[in-house]
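So you can see what is in the structure, the chains are spelled out below.
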Amino acid sequence: ETKPYRDDYRIAAMTQLVDAYQRDDIHRYEDILQKNKDLLADPFIAENIDEVTRNMRTKAVLKLVAPYTRFHMSFISKQLSISIPEVQDILGFLIMDKKLRGRINQSNGTVEIESSADMDRVHAMAQWKSAVQSLSRTILNNGEGFKLEETQFLTDVVGLVSESTGGRRKPT
């Protein structure tokens, strides 16, 4: 049913816009919007495009900042070609919505991300330490451990080896 309209530039632009949205390609999405401003003449599109664009930009910001723990908002602004106030607004939304753990420093325009990986690693090490301590207590308190005769035998062997190699240690 849509074949007769596929050559219509407005339909082609909408198809490209949908494709860019589905691929999370913010640069292509923004480019299509810039080149096809007449798309906004449609009341339905005009009513909903702001929310869709905001959603695209929010996903792009999340993807862009993922590998960083500290960055300047101007970096995001340049990469995504959006204003710094909009970047700040998106970051504020992401932080408030707990999709991003971090702090915005407005005075110098930076953002510090709290790495959950570091906290997860510290928590895992604490659990590991606790498990090893529990295991050692169990072995020493409940297990047979080293028996006195075995301890004496080991001491004698160490002394004999030391003596045979010219060491000063003598068996006890």
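Counting restarts for each chain, with residues numbered from 1 along the sequence as it is written. Where local features are concerned, this predicted model is filtered to residues with pLDDT of at least 70; where side-chain atom pairs are given and counted, the filter is 80 or more; whole-chain, interface and lining totals use all residues. As a rule here, side-chain values cover all heavy atoms of the structure and leave hydrogens and water aside.

Should DSSP find at least two bridges between two strands, the strands are regarded as paired. Secondary structure follows DSSP: runs of H or I at least 4 residues long count as helices, runs of E at least 2 residues long count as strands, and numbering of each begins at the N terminus. Here strand 1 (residues 70–72) pairs with strand 3 (residues 110–113) via three bridges, running antiparallel. If you follow Phe71 over to strand 3, its bridge partner there is Val111. Counting the residues that bridge the hairpin from strand 2 (residues 102–105) to strand 3 gives four residues, and of these Gly109 lies at a positive phi of roughly 70°.

Strand order across the open sheet formed by three strands is 1-3-2, with antiparallel pairing between neighbours. Edge positions in the sheet fall to strand 1 and strand 2, since each of these pairs with one other strand and no more. In this sheet, neighbouring strand axes are inclined to one another by 15° on average, regardless of whether the strands run parallel or antiparallel. On top of the sheet, helix 4 (residues 73–80) reaches strand 1, strand 2 and strand 3; it is set at about 65° to strand 1, its chief contact. Note on geometry: axes are C-alpha line fits, over the in-contact stretch for helices, and angles between N-to-C directions span 0 to 180 degrees. It only takes one pair of heavy atoms within 4.5 Å for two residues to be counted as in contact.

Quick look at the side chain of Thr58 now. Note on placement: Thr58 falls in helix 3 (residues 43–65). A polar side-chain atom of Thr58 sits 2.8 Å from the main-chain carbonyl oxygen of Arg54. Sequence-distant contacts of Thr58, that is, excluding residues within four places in its chain, are made with Ile90, Phe93 and Leu94. Nitrogen and oxygen atoms within 3.5 Å of one another constitute a polar contact, given that in protein one can donate a hydrogen and the other can accept it, and given that sequence-neighbouring residues count only through two side-chain atoms.

Located in the positive-phi region is Ser81, a residue other than glycine, with phi close to 55°. Summarising the element assignment, Ser81 is placed in the loop between helix 4 and helix 5 (84–96). Summary of the burial criterion: residues with accessible area below 20% of their type's maximum are buried, those above 50% are exposed, and those between are partly exposed, where the area comes from a 1.4 Å probe applied to protein chains only. Note on Ser81: relative accessible area 61%, which makes it exposed. Positive phi outside glycine occurs at Lys98, with the angle close to 60°. Here Lys98 is to be found in the loop between helix 5 and strand 2. Residue Lys98 is classed as exposed on the basis of its relative accessible area of 71%.

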